[in-house]
Structures are given as C-alpha cells and as structure tokens.
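Understanding the architecture of this molecule
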There are 2 protein chains.
Amino acid sequence: MARATLESVARHAAVSRQTVSNALNAPHLVHPETLTRVRAAISELNYRPHHAARTLRTRRSQLVGARIEPWRDGVNGAVLDRFLQSLTAHAQARGQRILLFTAEDDEQECSHYEDLLSGLDLDAFVLHGTHADDRRTAWLAQRRVPFVTFGRPWGSTGTHGWVDVDGAEGTRAATAHLVAAGHRRIAFLGWPEGSEVGDDRRSGWADLALAAGLEVRPGYDAGVADGLGTGRAAAAAMLDLDVPPTAIVCASDSLALGAWTELTARGLRPGADVAVIGFDDSTTAAVVGLSSVAQPLDDAAAACLRMLHDVLETDRPRGGRPDDADGPPGSGRTGPPDPVLLSPRLVVRASG
Amino acid sequence: MARATLESVARHAAVSRQTVSNALNAPHLVHPETLTRVRAAISELNYRPHHAARTLRTRRSQLVGARIEPWRDGVNGAVLDRFLQSLTAHAQARGQRILLFTAEDDEQECSHYEDLLSGLDLDAFVLHGTHADDRRTAWLAQRRVPFVTFGRPWGSTGTHGWVDVDGAEGTRAATAHLVAAGHRRIAFLGWPEGSEVGDDRRSGWADLALAAGLEVRPGYDAGVADGLGTGRAAAAAMLDLDVPPTAIVCASDSLALGAWTELTARGLRPGADVAVIGFDDSTTAAVVGLSSVAQPLDDAAAACLRMLHDVLETDRPRGGRPDDADGPPGSGRTGPPDPVLLSPRLVVRASG
DNA sequence: AAGAACGATTTGAACGCTCCAATGACCGTT
DNA sequence: AACGGTCATTGGAGCGTTCAAATCGTTCTT
C-alpha cells in the first residue's frame, strides 16, 4: 500500500492537512475532540511524517554530526567509541540521529563541515578532542553553526558550550587513594608539557603531592609521548632511580600498561610491589587488573545533547513551543550555555 | 549571504534550472560549452544541492543505517568499532553517510527499522552479527528493504547479499602455523557448540588436526561462554590434564587472554612454554603480545558498500545512469549479489 | 521539399511538509 | 443588531529539487 501522507490522513479524519500537522506539532492548538479523531487516523494509517519534506520546510534535520576517529591509539581509542555509543542512545531518545563522518585532521574536518552544512544535512555538531587555538571551533563559531564540544576550549576565548571531565580531579583522587594506602613516594608518568589534557592531569597529582607533603624526588615527574613503549621506558627509568617511587600515577592507560609491562618483566607485581594507576578505564585495564580513572562518558554524552538542545532552542528564530518550558519567558539569553564539568571515578583493581 | 539554489545558479549562468540540474546529474545531456559555463557558476556561487529537497524528490537519501552496539564484551567489542570506522570512511568516499542507531535486541532493532524507514530517512542498512533464523533479515527482506550483512546467513535460506570473513580459514592457518613450529598437541578453546561463528572457527582447527594427524586427546576441545574468567578456567583444566597440550587455539581474544592470564599465573611464558593464539586481533592482544587472527575489517566494509551499491542500483526503478556501466545492459539480474568471503590474516606475536 | 529524428534546452508540475494570512463560529459587550 | 475578541480550522504559497513533457533549431531520410 502507498505511503500515508498528511493529505491522506486529513481526508481520513475529515479535517485539513494543517490540522493534522498541528495535531502532531502543536497539539494545544487543536480541539481535544478533533485531536483524538486525528490521532486515530494517524495510527490507523500508520502515518509518519516524511523527514525530508519536513526538513525542507523547517530547515531542521534533527541530524547531529560526529566524527569517528581513524583507528589511532589502540588502547585509548575506545573512549571515543563508548562516547559515540552513548551519544547515539541519548540522541535517539530525543528524536535526533547521529551522523558519522571521518577526517584526517582539523583542516579536513572543517571542509567536511562545509559539505555537511551546505547540503543542509546537519543541524549541529558534537566535537571532541578540543585543543588551544582549535580552528574547528573558530570555523563553526564564525559561521554561527550550533555545536558543543566534549572537551574544554583550553585557553581559547571559547564562547561555546562545552562538557568535560575534570582530569585533575581524577589524578588527585588516584593520588589520594595511594596516599591513603600508605604510599609516600608517588610519581607521575604523563605526556610532555604543552598538551592541555596532559597538563591538567599532571596538575591533579602535583596539587595533592604538595598538599600532602609527599616526597617528590627528581625523576618522579616524567613526560613522554603516549604509547606502551614510551611508557615502559619511562617506568624503567623511574624504577632505576636510587630511591624509586612506590607508586605511579599515569596520564593514560597506554602509559600505565607500559609501566605494568615493565613491572611484570622485572618480576614485580603491580599493586603488591609497585602500584600503578591509569586513566580512561580502557578494556585492557579491566583485563589485566589495572586500576584506572574512569570518565563518565554516558553522562557526558547526555550533557552534550542537553546543551545542544538549549543552543538550538535559543537559536531558533521563532522561539520554542509552549510545552517546552525553556526557562522564564523573555529571558533572552544570548550567550553560550553554562559549561558542564563532570567528575571522574576511580576504579580500583589489583594494581593499586 | 543567502544560500545558492539551482535557481540562482541558473540565473547566474543564464540558463534554466533544469540545465543546471542536468549539468550535475546527467552531464552528457548538456552541451560542453554550456557545461563549463554552468560549472563556473556553480563554483563561483559555491553551490551545493540541498539534500532534503533532493531526497524529497528522488526518494533517495544516501543515508545508510548501522547499529552501534551497547558496550558489550570489552575485549571483542572493538571489532565493531573498527568496522564502523571503515564503513564511515568508505561511505564518505561514495557520497553516502552512515547513520547510527542502537537497539537492545533484534526485536527492537526491527522496530527501529520501521521508524527509520517510514520517515524515509534511510536507503539501506548494513547489519552485522547475523545468526540462524535472524528475524531482522527476514523483516527487511519481506519489505524489500535494501540491505547487506556483515556475517553469513548461517543456514537460513538467506537470499540477501552478505560479506563475511572465513573464520575456519583463520583457525586453520593458526593451527598450521603451530604445526610448522613443531607442535603436535594443539587444543581448541572455543564456545559451546551451537553458535555458528564458534562452530565455524572450531571446524578450521578440527579439519587441520585431522589432516595433519595431530594428537587430539580428550579435553583438548573445550566449549565455554566467552569471557576472560571462563577462558582462564578452561585453560587451567587443559593444563591439568595428564598430557596437556603444548598450544591452544582460541575462538576469541577474550578466551585467549584468559588462557594467557592462567599461563602467566602459573609462571609459564606464553609462546615459549605454551603457545596461545587468539581471534580478532584486539588491541589488548597487541598490547600483551598475543598472536591472533585478524579480520580484514576495512576490506569487509568496502565490500559491504560495494555490494549495497549494486543492490540499490538493481533496485532502482528507472535504471542507473549511462556512465555507471553497471554490467551488460538488459542483464536483468534480480537475485541477490554474489556473497563475498574474505580471508583473515594471522598476526604472529610472542605468544605463538 | 516535407517529414522524421535527433540534440539541447525550457517550462510546468509534483514530492510532503509547515508557514502565513484568512475564515467562520461562538462568546460577551455595547 | 452591530461590534471586537478569542478559538478552531482552513486554503494558498513556498521550501529546492527532479521528472515528464513540450519547445525549438538542426540534420538526416525518403
């Protein structure tokens, strides 16, 4: 049988097209009695609005773009995948959909924005992996494209909404946990200074080390490129110190697993002999029993979409529907929404 | 500045709407001289066709649906993510996009198809994780929705296109590799009989064990639910046999890593003392140095989209464009496309 | 030389929806 | 009885595109 349209539903319910449309989009405008009749017709004909037609008219596609990463680091890459999964689930619950695209770098990503937007496919974007002087956010902001980022603007004069997880709090919690377990010589194995996320995570450890008066010796603060090999080498150097640390807090699970590998290679047991705590709670961490700081990715995804909703609502020329209850009327908020900073959770396993 | 439309481009090039449309969709219909003029206007105004408008008219959205899994098994879950990543990249190259959705089970997945299709959002689907009597493929086939699956129909009278990786070949190669290394007592650690993928992978081992006349003792063929704990327990049982195997081929990296854990716990070195080979080449396998059978996921994704293209082309009521060269004219192929079975690749690491 | 056939281009209509302005019904007030 | 006002509903227009048919000029056929 042919597809049901507004027209056919209208005929079936003996009303006009527009009344059916209203029954769906603005039920408060239509008489209760008519409403039930229209609704009956809708379900009887199994009608669903035609997405493309609606998009053409309203210029809203309910599609949100997100970038899926080209298989980068094997260990930490899964963070994005989990985020995407949550994003999809929450978007679905909101009647939106996630559209994937890939890009090799920020530059290319921008040109994809161009493609995706000029076809008017997408309402908005969710970005991740923001960094200082991010050309992507600049590009989007300049064109007034709605978007939110998972990740802080990091120093840029970010005037956009963002959601992030407090990395410093994570490493602080990890360090505090080790202190509570009796450790006094706790090292930090992170990335070279200059990476925003890395510096943030380092600061949590440094803060608590200072506050708790820990014994921080030279060589207790390493900065190497992310990876298993580099992590292992850096851990080896720490263990070879005259007074080696008894615990290592790491900026990533990659580094932590490198350290973990070095420990077991030396016959040392992670946790019992030297404690190691990673970051991101990768599956590998769970497998080998590595303690790690877990990011609340599901909450982050939900927050991103909630924020995006606000941004789109504010942006909407005609204002939202009455039933949306988007704050006090006439509030006329024009600035970016309030950022959301979530707390990570320390997952304690055998290694610390 | 306002968005460019066919109309504005047409005015700019002093031709009609339709000629511009033809310049884009059927260049052979338009005079070369006019063509260059139109193309100049297009690039000058930075015109891009409006996706929704085109979809409304042509009933083709260039959108392909794919399901993203709710975080299931941690170790093997990444296979899907890598597949999705490749799918996105190849779709992008074809001018298509991947739209994500989630579902808890097959039943729910079908009702999502309903939603996604009735809004005419999607042209087709790429399914994965097929099994015998898969209600999803039945649902889609019945409604003549274009789709392909990554995974065989497994016994169902599947009349749809599919792409899969030859699991038996993978375990056969793994076993052969161990035989070449001098092993004679090679066990198989897999899932309980009845799972199609599991039985397939078991058969590769069994085939070669028979052909090479290996010493297969009772207890050398285990079937347990996937997981680290179960894998570890099953491996322990094997190692406790009077005559334990010298190598274990596993149906998954989860199981293999379970075995790997048991080995190291006993002070045995994987590879040197007892060889272990996993399946799926997870990141964890790479990290700990576990040999594993890698699926050519990128090739699989490319094959899926190529096949989908054929299906959509065949389906198209009016036939493709002349420049598409889709086989001999009048071939009138109506059946499903030829399936594609890809060969996996054994990645040898320290463990075997 | 008239008609047929072709190539290049144009015009009108339609896809299904929502916006906008307008209509009629009903109420209470003058 | 005529007037403004609210509520419920309606018809027309238009979003940007492609399809189908029509137009016009040119060349091939008989």
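Please refer to the structure higher up on the page.
Let us look at the structure shown here. Just so we're clear, the structure is a prediction, and the values are computed from it rather than from any experiment.

**Some remarks on the relation of the copies chain A and chain B**
One copy of the chain maps onto the other through a rotation about an axis followed by a shift along the same axis. Superposition of chain A onto chain B requires a rotation of 180° combined with a translation of 0.1 Å along the rotation axis, giving an RMSD of 0.1 Å. Between the two chains, the operation in question is that of a two-fold axis. Comparing contact sets, 100% of the residues at the interface of chain A also lie at the interface in chain B, consistent with an isologous, same-surface contact.

**Points about the pattern of salt bridges**
Tallied over the full model, the rule gives 40 salt bridges over all chains. When the shortest N-O distance is used, the salt bridge between R269 of chain B and D273 of chain B registers 3.7 Å. Note on R269 of chain B: relative accessible area 53%, which makes it exposed. Beyond isolated ion pairs, a larger network of salt bridges with shared partners links R67, E69, D106, E109, D134 and R136 of chain A.

**Some points on the state of the cysteines**
Residue and element names in this part refer to chain B. Taken as a whole and assessed by the stated rule, the structure comprises 0 disulfides over all chains. Here C110 is not cross-linked by a disulfide; its sulfur's nearest cysteine counterpart is in C304, at 18 Å. Residue class for C110 comes out buried when judged on its relative accessible area of 6%.

**Brief notes about the pairing of strand 5 (residues 161–165) of chain B**
Within a regular beta strand, the side chains point alternately toward one face of the sheet and then the other, so they alternate between its two faces. Residue and element names in this part refer to chain B. When you tally the buried positions in strand 5, you get 5 out of 5 residues, the bulk of the element. With burial as the criterion, each face of strand 5 is covered, one bearing G161, V163 and V165 and the other bearing W162 and D164. Sheet topology note: the strand 4 (residues 147–150)/strand 5 ladder contains 3 bridges and is parallel. The partner of F150 across the bridge, within strand 5, is V163. In this sheet, strand 11 (residues 340–342) lies alongside strand 5 in parallel orientation, the contact comprising 3 bridges. Bridged to D164 within strand 11 is L341.

**Overview of the environment of R59 of chain A**
Its place among the elements puts R59 of chain A in the loop between helix 4 (51–58) and strand 1 (63–67). C-alpha separation for the pair R59 of chain A and D121 of chain A, spaced 62 residues apart in sequence, amounts to 9.0 Å.

**Quick word on the interface of chain A and chain B**
The partner chain B presents 46 residues to the 45 residues of chain A that form the contact. For the pair chain A and chain B, the summed buried surface comes to about 4,000 Å²; carbon and sulfur atoms form 61% of the total. The three residues of chain A that bury the most area against chain B are Q85, R97 and L100 of chain A, which together make up 14% of that side's buried surface. Here chain A and chain B share 2 salt bridges between them. Salt-bridge contacts for D115 of chain A lead to R48 of chain B; the nearest nitrogen and oxygen are separated by 2.2 Å. Taken together, chain A and chain B are joined by 8 residue pairs in polar contact (both at pLDDT 80 or more). Elements with a contribution of two residues or more to the side of chain A that touches chain B: helix 4, helix 5 (78–93), strand 2 (97–101), helix 6 (106–118) and helix 12 (283–288) of chain A. Of the residues forming the side of chain A that touches chain B, the biggest block, 8 residues, is contributed by helix 5 of chain A. Of the residues contributing to the side of chain A that touches chain B, the split by class is 21 nonpolar, 14 polar and 10 charged. The pairing of strand 2 of chain A with strand 2 (residues 97–101) of chain B spans 3 bridges and is antiparallel. The partner of L99 of chain A across the bridge, within strand 2 of chain B, is L99 of chain B.

**Regarding helix 6 of chain A**
Residues three or four positions apart in an α-helix share a direction because the helix packs 3.6 residues into each turn. Residue and element names in this part refer to chain A. Spanning 13 residues, helix 6 covers 18 Å between terminal C-alpha atoms, matching the ideal 18 Å at 1.5 Å per step. Considered for burial, the residues of helix 6 that qualify are D106, E109, C110, H112, Y113, L116, L117 and S118. The N-cap of helix 6, judged by a side-chain oxygen 3.2 Å from the amide nitrogen of E107 a few residues on, is D105.

**A short note on the packing of aromatic side chains**
Enumeration according to the criterion identifies 12 aromatic pairs over all chains in this entry. Residues F101 of chain B and Y113 of chain B carry aromatic rings whose centres are separated by 6.1 Å and whose planes lie at 75° to one another, so their mutual orientation is edge-to-face. You can see F101 of chain B sitting in strand 2 and its partner Y113 of chain B sitting in helix 6 (residues 106–118), a full 12 residues away along the chain. For F101 of chain B, a relative accessible area of 1% corresponds to the buried category. Its relative accessible area of 0% is what places Y113 of chain B among the buried residues. Relative to W139 of chain B, the ring of Y113 of chain B has its centre 5.8 Å away and its plane inclined at 50°; by these criteria the two rings are tilted. In this pair, Y113 of chain B sits in helix 6 while W139 of chain B sits in helix 7 (residues 135–142), placing the two residues 26 residues apart along the sequence. For W139 of chain B, a relative accessible area of 14% corresponds to the buried category. Linked through ring pairs, F101, Y113, F125 and W139 of chain A together constitute an aromatic cluster. One Lys or Arg, R201 of chain A, reaches over the ring of F279 of chain A and ends 3.7 Å from the middle of that ring. It is R143 of chain B that lies over the ring of W139 of chain B; its NZ or CZ is 3.7 Å from the centre.

**Concerning the environment of W162 of chain B**
Residue and element names in this part refer to chain B. In this structure, W162 sits in strand 5. Judged by its relative accessible area of 14%, W162 falls in the buried class. Along the sequence, W162 and L341 sit 179 residues apart, while their C-alpha atoms lie 8.5 Å from each other. Aside from chain neighbours lying at most four places away, what touches W162 is T149, G151, R152, P153, M307, P339, V340 and L341.

What counts and how
Residues numbered from 1 in each chain as written. Chains lettered and ligands numbered in written order. Predicted model: local features only at pLDDT ≥ 70, side-chain atom pairs only at ≥ 80, totals over all residues. Heavy atoms only, no water. Least-squares fit on C-alpha atoms with pLDDT ≥ 70 in both. Contact = heavy atoms within 4.5 Å. Salt bridge = Lys/Arg side-chain N within 4 Å of Asp/Glu carboxyl O. Buried < 20%, exposed > 50% of the residue type's maximum accessible area, 1.4 Å probe, protein only. Disulfide = S-S within 2.5 Å. Helix = DSSP H or I, 4+ residues; strand = E, 2+ residues; numbered from the N terminus. Pairing = 2+ DSSP bridges. Buried area = accessible area lost by both parts, 1.4 Å probe. Polar contact = N/O pair within 3.5 Å; in protein donor to acceptor, adjacent residues only side chain to side chain. Nonpolar A, V, L, I, M, F, W, Y, C, P; charged D, E, K, R; others polar. Expected span 1.5 Å × (residues − 1). Phe/Tyr/Trp six-rings, centres within 6.5 Å; stacked < 30°, edge-to-face > 60°. Lys NZ or Arg CZ within 6 Å of the ring centre and 35° of its normal.

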